[in-house]
Amino acid sequence: MGAYLNSGSPYKKYHAVVTDSYFVDKTCFICEFFEALGKERRYFCITRPRRFGKTVMANMMAAYFCRAIDSSQIFNKLKIASCAGYLKHLNSHDVIFIDFSRTPQNCRSFRQYIERIQNGIKNDLEEMYPECKGGGDEAVWDILGEICRKRGRAFIFIMDEWDAVFHVPYFTREDQKEYLLFLKNLLKDQDYVELAYMTGILPIAKYSGGSELNMFAEYQMTAKERFGSYFGFSEEETDRLYAEYRKRNPNGSITREALAWWYDGYCTADGTKIYNPRSVVQALSDSQLGNYWTGSGPYGEIFYYIRGNAAKVRDDLAYMMSGGRVEAGIQEYAATSKELRTKDQIYSAMVVYGLLAYENGEVFIPNKELMDKYKELLMADEELGYVHALAKESARMLKATLAGDTETMQQILKYAHDTESPISAYSSEAELAAVVNLVYLAARDKYRVEREDKAGEGYVDFIFYPQRREDDGIILELKTDSTPLKALQQIKDRNYILRFEGKLGERPKYTGRILGAGISYDRKTKEHFCRVEVLRRKITDAGSGD
């Protein structure tokens, strides 16, 4: 086994995944490539945001095809074992596996980086095929070509994080061009390439402007339906993982509903909703919901684009933070570029990195995990103007609501209306809802806030489900040119409170008080009016209100 050629590392890494308690079998993915082996259309590049299983799938592919280790003990038990061609290709190929995110120790130049890869492959080839040993300056593709001619050998190339070079700050544009030329020479029109499979975040087309890598077919999450079901967890797959969690943790605190709230919401090109797989597995393994998002690397850069273009995007952020969607012309933009200036470019880059979801021509914030990252941004960044100002008032707004302090609530809403917000004109309840959402932003620390939630006999504007069952819940209804009393009456008439009740015969889902809050706005007088009532008192241990 070599460092690159027929390495045992992918097998070991995939074995660790397979034996995990929360494993999802995606092995039928491998069968998709049997027909492509040795054919003209044998070049595949699959791009996805980080944490969507790209590396797991690359290790799986290498563990299956590679002749280094007998992996039948893994795959005989998995779905691929029933696929035609399973035994024919199992551990029957020479695989060159390259993780482009790995750099030499104390790497300071592209030359060090690329020579480590080239020399590593050459050393592995010379060890396995000593009769084809080349001179010190002979290119790796020349050695591979000689092996192909003399021994009739072809190779499967599996390359993870192909775009890592574009994230290294000390690699220049010239270095990046040289890297693309390296990939072209290594792969394009080479007889020894039996299959080339690459993964990454960024699309090839935006970097390879010429013909260097035009042999690759690209498959993006938002644009191509093929392979969509293999990356991310479906509803059914997440159901199975949650059932395993319940079996292992009968008294665990995670609910299925909360798991969806935290990590669901992304979309494949065919409209299928998918979960963030890494966060789901981490949450179930830890038995704790939380934000497993990393703020390092390119993600920080994307938020930098927001800050640098605050005037362009802040109004849209206000709508998206209230659960709304914003129209956007999405393209697979080169997301590391510092020249993303238009909103469509910025949103496209954010979709590429998984910071926004995209469906039917609109971008949106998919789940609580991401919503929390935006909340951090809005709370911290003064350049976002009125959005930041309203977010800062949100802790006071929540405190006033829980205390029934309607005077403070009305003062904060007046302050929100007096900002330069273009949505403060309130031409519709939707615009009022966008501002109300911002002034309750701090509630997201303690509540699952849902908009237009089906409740009782209708749809309520906002429901605040407490994360702790003993805390107070809030039902909030909005009205324009009406009164808060009518808003509260609607809450009562339509039995919205039923959303806080458990199933018949079970203990209540929430034991704290349930508050009804009516907020109205008079478009003639430009005044807000609020009223808060206790719809249900706190439930004591004995089961009655206190």
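Residues numbered from 1 in each chain as written. Predicted model: local features only at pLDDT ≥ 70, side-chain atom pairs only at ≥ 80, totals over all residues. Heavy atoms only, no water.

**Some thoughts on the overall build of the protein**
Looking only at helices and strands, one finds 20 helices and 15 strands in the protein. Long-range pairs, those at least 24 residues apart, make up 70% of the contacts in the protein between residues at least 6 apart in sequence. When the accessible surface of the protein is split by element, carbon and sulfur atoms take 46% of a total near 23,600 Å². (Helix = DSSP H or I, 4+ residues; strand = E, 2+ residues; numbered from the N terminus. Contact = heavy atoms within 4.5 Å. Areas by Shrake-Rupley, 256 points an atom, 1.4 Å probe, with all protein chains shown as cover.)

**Overview of the pattern of salt bridges**
Per the counting criterion, the structure on display carries 31 salt bridges. A salt bridge links E359 to K273; its shortest N-O distance comes to 3.1 Å. One end of the pair, E359, is in strand β9 (residues 357-359); the other, K273, is in strand β7 (residues 273-274), and 86 residues separate them in sequence. Take E359: its relative accessible area is 13%, and that puts it in the buried class. Owing to a relative accessible area of 31%, K273 belongs among the partly exposed residues under this scheme. Between K492 and E533 there is a salt bridge, with the nearest N and O atoms lying 2.8 Å from each other. (Salt bridge = Lys/Arg side-chain N within 4 Å of Asp/Glu carboxyl O. Buried < 20%, exposed > 50% of the residue type's maximum accessible area, 1.4 Å probe, protein only.)

**So, helix α10 (residues 256-263)**
Most of α10 sits out of view: six of its eight residues are buried. For α10, the complete set of buried residues consists of R256, A258, L259, W261, W262 and Y263. Immediately downstream of α10, the backbone of G265 shows phi near 110°, a positive value.

**Describing the sheet that holds strand β4 (residues 193-200)**
Paired through their backbone hydrogen bonds, the strands of a sheet run either parallel or antiparallel. Pairing is parallel in the open sheet, where five strands are placed in the order β2-β3-β4-β1-β5. A strand with exactly one partner marks an edge of an open sheet, and here the two such strands are β2 (94-99) and β5 (217-220). On average, each strand axis in the sheet is tilted by 15° relative to the strand beside it, whichever way the strands run. Pairing of strand β1 (residues 43-47) with β4 involves five bridges; the strand directions are parallel. Across the sheet, the residue bridging to T47 is G200, located in β4. (Pairing = 2+ DSSP bridges. Axes fitted to C-alpha atoms, helices over the stretch in contact; angles between N-to-C directions.)

**Brief notes about the packing of helix α1 (residues 9-18) against helix α3 (residues 54-65)**
Orientation of α1 relative to α3, taken along the N-to-C sense of each, is 120°, at an axis distance of 8 Å. Regarding the angle of α1 to α3, the classification is oblique. Our pair here, α1 against α3, has a crossing hand that is left-handed. The segment α1 lies against α3, with P10, Y11, K13, Y14 and V17 engaging V56, N59, M60, A62 and A63. (Parallel < 35°, antiparallel > 145°, perpendicular 65-115°, else oblique. Left-handed = near helix turned anticlockwise from the far one by under 90°.)

**Looking at the sheet that holds strand β10 (residues 362-364)**
Pairing is antiparallel across the open sheet formed by three strands, whose spatial order is β8-β10-β9. Each edge of the open sheet carries a strand with a single partner, namely β8 (326-327) and β9. By the bridge criterion, two bridges tie β8 to β10 in an arrangement that is antiparallel. Bridging from a neighbouring strand, E327 pairs with E362 of β10.

**Remarks on the packing of aromatic side chains**
In this structure the tally under the stated criterion is 39 aromatic pairs. Both rings, one in F33 and one in Y197, keep their centres 5.5 Å apart while their planes meet at 85°; by these two values the pair is edge-to-face. You can see F33 sitting in the loop between α2 (28-31) and β1 and its partner Y197 sitting in strand β4, a full 164 residues away along the chain. No difference in accessibility class separates F33 from Y197, as the two residues are buried. Measuring from ring centre to ring centre gives 5.9 Å for W262 and Y263, while their planes differ by 40°; the resulting arrangement is tilted. Here the aromatic residues F29, F33, F44, Y197, Y219, F227, Y230 and F231 are joined through ring pairs into a cluster of three or more. Over the ring of F364 we find R325; its NZ or CZ atom is 3.8 Å from the centre of that ring. Against the face of Y465 rests R448, its NZ or CZ located 4.2 Å from the ring centre. (Phe/Tyr/Trp six-rings, centres within 6.5 Å; stacked < 30°, edge-to-face > 60°. Lys NZ or Arg CZ within 6 Å of the ring centre and 35° of its normal.)

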